[in-house]
Amino acid sequence: MTGSGLIAPRVAITGAGGPMGRAIARRMLAAGARCLALTDISGTRLAVTADQLRTDHPGARIIHLRGDVTVAAEAAAFAKAAGEIDVLINTVGGIRSRQLYTPFLEMTEEQWRTTFDLNLMGTLHLVRAFAPGMIERGAGRIVNFASIIFGGEHGQADYAAAKAAVASLTRSLAAELAPEITVNAVAPGLTRTSVTENIPADEAARLVAGALIPRMAEPEEIAEAVAFFASEPARFVTGEIIAVSGGIHPHL
C-alpha cells in the first residue's frame, strides 16, 4: 500500500476484546486492513468486538478466536486460524493481581511469575509463529506494548520489570529480525480502560498529575501510535518506543 496506510492488509491483534484492542482494530480497518485476526481471553467481549467490526466494516474479513495467548497451545491455535499475517500487534499485558500496588517484600512468587507470563509469553509464542512467514515474504511489522513505568514504580516491581523486559525484547527482536521486519513498542501512560475505571478518583488524579497534559489517554490515542508503526511512512523505523503519556517519559 502507499501513502499513510498499512504496509499490508492482514493484521493480528491480541487482547482485542478490551477497549485498547478494540480501538486498535478499528484504527487498522480505517488504515486499510482487509483481514483482521482477533483474539482475547474473554470470549464474550471478543464476540462483541467482532460483531461491531463486521457491522461497521462489512467488506472486511474478521476472524476471531477466544484464547489465552500466554499458553503455547492456544497461541498456536490462534496462529493457525489467522493464517498469513503482515502486522502483529501484541496488546496483551497488565496486572492480574486484585490490588494495584503490592510492596515488593509482600509479593508472592506466584504473582511475579503470573505478571511476567501475562506480559511476555504471548509475544514469545506469536512472534515465533508469525515472524518466519514475514521473513519469507520479505516484509512485516510487529508492535509490542511496554509502559511508561518500565523504569520502575513503587509498589509495581513485577509489572515495571515485566514491561522493561518488553522494551528490551523489542530492541532484541528489531536487531534479529531486520531488515525484513520492523519491531517497535508503544509505552502508554494511564489510559481509560475497564481496568482504570476501577481506580479511585483521588489515586487517578495523583497518577496523571505528573503529566504535561494532566488526564488519562483515550484508547484511540494509543491506537494512533500503533497505526504509525504499522504504516508505510514508518518503514525505516525499528527498535523504537513511543510514549503516549501526555509528556511523562519512561526512563531507567
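All of the points below concern the structure found in this document. As the structure is a prediction and not an experimental result, all values here were calculated from the model.

## Looking at the packing of helix H4 (residues 109-137) against helix H5 (residues 157-177)
Reasoning step 1: H5 packs onto H4 with a crossing angle of 15 degrees between their chain directions and a minimal axis gap of 9 Å. If you check the angle between H4 and H5, you find them roughly parallel. Viewed along their axes, H4 and H5 form a crossing whose handedness is right-handed. Listed contacts from H5 to Gln-111, Trp-112, Thr-115, Phe-116, Asn-119, Leu-120, Thr-123, Val-127, Ala-131 and Ile-135 of H4 are Ala-157, Asp-158, Tyr-159, Ala-161, Ala-162, Lys-163, Ala-165, Val-166, Leu-169, Leu-173 and Leu-177.
Reasoning step 2: Along the lines of polarity and charge, the residues of the contact of H4 with H5 split into 15 nonpolar, four polar and two charged.

## Here's the deal with the pairing of strand E1 (residues 10-13)
Reasoning step 1: Relative to strand E2 (residues 35-40), E1 runs parallel, the two sharing four bridges. Bridging from a neighbouring strand, Ile-13 pairs with Leu-38 of E2.

## So, the sheet that holds E2
Reasoning step 1: Strand order in the open sheet formed by seven strands is E3-E2-E1-E4-E5-E6-E7, with parallel pairing between adjacent strands. The outermost strands of the open sheet, each flanked by one partner alone, are strand E3 (61-66) and strand E7 (241-244). Along the sheet, successive strands turn relative to each other by an average axial angle of 15 degrees, direction set aside.
Reasoning step 2: In the sheet, E1 pairs with strand E4 (residues 87-90) via three bridges, with the strands oriented parallel. Within the sheet, the bridge partner assigned to Val-11 lies in E4 and is Val-87.
Reasoning step 3: Across the sheet, helix H1 (residues 19-30) lies against E1, E2, E3, E4 and strand E5 (140-145), angled at about 175 degrees from E1, the strand it touches most.
Reasoning step 4: Docked against the sheet, H4 engages E1, E4, E5 and strand E6 (181-188), running at close to 170 degrees with respect to E4.

## A look at the packing of H1 against helix H7 (residues 219-229)
Reasoning step 1: Two elements in contact, H1 and H7, have axes whose closest approach is 8 Å; the angle formed by their N-to-C orientations is 50 degrees. Here H1 is positioned oblique relative to H7, judged by the angle of their axes. Note on packing geometry: the crossing formed by H1 with H7 is right-handed. Seen from H1, the contacting residues are Pro-19, Met-20, Ala-23, Ile-24, Arg-27 and Met-28; seen from H7, they are Pro-219, Glu-220, Ile-222, Ala-223, Glu-224, Val-226 and Ala-227.
Reasoning step 2: In terms of residue class, the contact of H1 with H7 is made up of 10 nonpolar, no polar and three charged.

## Side note on helix H6 (residues 201-208)
Reasoning step 1: Listed in full, the buried residues belonging to H6 are Glu-203, Ala-204 and Val-208. For H6, the angular spread of the buried residues around the axis is 130 degrees, confining them to a single face.

## Describing a nonpolar patch on the surface
Reasoning step 1: On the surface, a nonpolar cluster with roughly 380 Å² of combined accessible area is contributed by Phe-104, Leu-105 and Trp-112.
Reasoning step 2: With respect to the helices and strands, Leu-105 occurs in the loop between E4 and H4.
Reasoning step 3: With a relative accessible area of 82%, Leu-105 lands in the exposed category.

## Notes on the pattern of salt bridges
Reasoning step 1: Tallied over the entire structure, the rule returns 12 salt bridges.
Reasoning step 2: As a salt-bridge pair, Asp-86 and Arg-10 come within 2.8 Å of each other at their nearest N and O atoms. On the criterion of sequence distance, the pair formed by Asp-86 in the loop between helix H3 (72-82) and E4 and Arg-10 in strand E1 is long-range, its members being 76 residues apart.
Reasoning step 3: Here Asp-86 falls in the buried class, since its relative accessible area comes to 5%.
Reasoning step 4: One salt bridge in this structure joins Arg-206 and Glu-203, with 2.9 Å as the shortest N-O distance. Residue Arg-206 and its partner Glu-203 are both found in helix H6; the two are separated by three residues, about one turn of the helix.
Reasoning step 5: Residue classification places Arg-206 among the partly exposed residues on the basis of a relative accessible area of 46%.
Reasoning step 6: Among the charged side chains, a network of salt bridges with common partners joins Arg-10, Glu-84, Asp-86 and Arg-137.

## Quick look at the environment of Glu-109
Reasoning step 1: Inspection of the secondary structure puts Glu-109 in helix H4.
Reasoning step 2: In this structure Glu-109 comes out as exposed when scored by relative accessible area, which is 55%.
Reasoning step 3: For the pair formed by Glu-109 and Asp-158, sequence separation is 49 residues and the distance between their alpha carbons is 9.9 Å.

## With respect to H5
Reasoning step 1: Taking 1.5 Å of rise per residue, the 21 residues of H5 would be expected to cover 30 Å, and the 30 Å separating its terminal C-alpha atoms lies within 8% of that figure.
Reasoning step 2: In this fold, the buried residues of H5 make contact with H4, E5, E6 and E7.

Cut-offs used in this document
Residues numbered from 1 in each chain as written. Predicted model: local features only at pLDDT ≥ 70, side-chain atom pairs only at ≥ 80, totals over all residues. Heavy atoms only, no water. Axes fitted to C-alpha atoms, helices over the stretch in contact; angles between N-to-C directions. Helix = DSSP H or I, 4+ residues; strand = E, 2+ residues; numbered from the N terminus. Parallel < 35°, antiparallel > 145°, perpendicular 65-115°, else oblique. Left-handed = near helix turned anticlockwise from the far one by under 90°. Contact = heavy atoms within 4.5 Å. Nonpolar A, V, L, I, M, F, W, Y, C, P; charged D, E, K, R; others polar. Pairing = 2+ DSSP bridges. Buried < 20%, exposed > 50% of the residue type's maximum accessible area, 1.4 Å probe, protein only. Arc of directions from axis to C-beta. Patch = residues over 30% accessible without salt bridge, like charges linked within 9 Å, V, L, I, M, F, W, Y side chains within 5 Å. Areas by Shrake-Rupley, 256 points an atom, 1.4 Å probe, with all protein chains shown as cover. Salt bridge = Lys/Arg side-chain N within 4 Å of Asp/Glu carboxyl O. Expected span 1.5 Å × (residues − 1).

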